[in-house]
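Each chain, written out:
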Amino acid sequence: MQDKPYFCPNCRSNRIKFSLMTSYSQPFVKDALTGVVTESSESNEIFQSEPTIQCQVCSFVGNEMRFVKQAEREPRTVTQVNPTYV
């Protein structure tokens, strides 16, 4: 994962809440008549060349670069706030 800001290209409101999506493969053997699993192996993570990210606000799923490029197109601006308390 890159150390760059994300911005959801779908809902365009989320910049902070995301999930990293991963995939696993688990081989198994089933009985042809009953459908019962007769043999199972350890699960193995399937490595991806580019991470898949999910927005936790709208559940949009896309590759990491979509989120990074959207943040570059619409950067967050810092505004100075001088609160006055009465």
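In this report, the structure presented in the accompanying data block is examined. (Residues numbered from 1 in each chain as written. Predicted model: local features only at pLDDT ≥ 70, side-chain atom pairs only at ≥ 80, totals over all residues. Heavy atoms only, no water.)

Time to look at the overall build of the protein chain. Regarding its fold elements, the protein chain presents one helix and seven strands. In the protein chain, the order of α-helices and β-strands from amino to carboxyl end is β-β-β-β-β-β-β-α. Rg of the C-alpha trace for the protein chain: 21 Å, well past the compact-globule value of 12 Å for 86 residues, more than 25% over. Reported as C-alpha extents along the three principal axes, the dimensions of the protein chain are approximately 75 × 35 × 20 Å. Within the span of the protein chain, comprising 86 residues, buried residues form 20% of the whole. (Helix = DSSP H or I, 4+ residues; strand = E, 2+ residues; numbered from the N terminus. Rg over C-alpha atoms; globule rule 2.2 N^0.38 Å. Buried < 20%, exposed > 50% of the residue type's maximum accessible area, 1.4 Å probe, protein only.)

Within soluble globular proteins, side chains that are nonpolar generally end up buried alongside one another. Residues Tyr6, Cys8, Phe18, Ile53, Cys55, Phe60, Phe67 and Val68 constitute the largest nonpolar core, which totals eight residues. Of all the secondary structure elements, the ones that give two or more residues to this core are β6 (52–55) and α1 (64–73). Excluding its chain neighbours within four sequence positions, the residues that come into contact with Phe60 are Cys8, Pro9, Asn10, Ile53, Gln54, Cys55, Arg66 and Phe67. (Core = buried A, V, L, I, M, F, W, Y, C linked by side-chain atoms within 4.5 Å. Contact = heavy atoms within 4.5 Å.)

A separate point is α1. Since one α-helical turn is 3.6 residues long, residues separated by three or four positions face the same way. All of the buried residues in α1 are Glu64, Phe67, Val68, Gln70 and Ala71. One side of α1 carries all its buried residues, which in axial view fall inside an arc of 160°. Tucked inside the fold, the buried residues of α1 contact β1 (18–21), β6 and β7 (61–63). (Arc of directions from axis to C-beta.)

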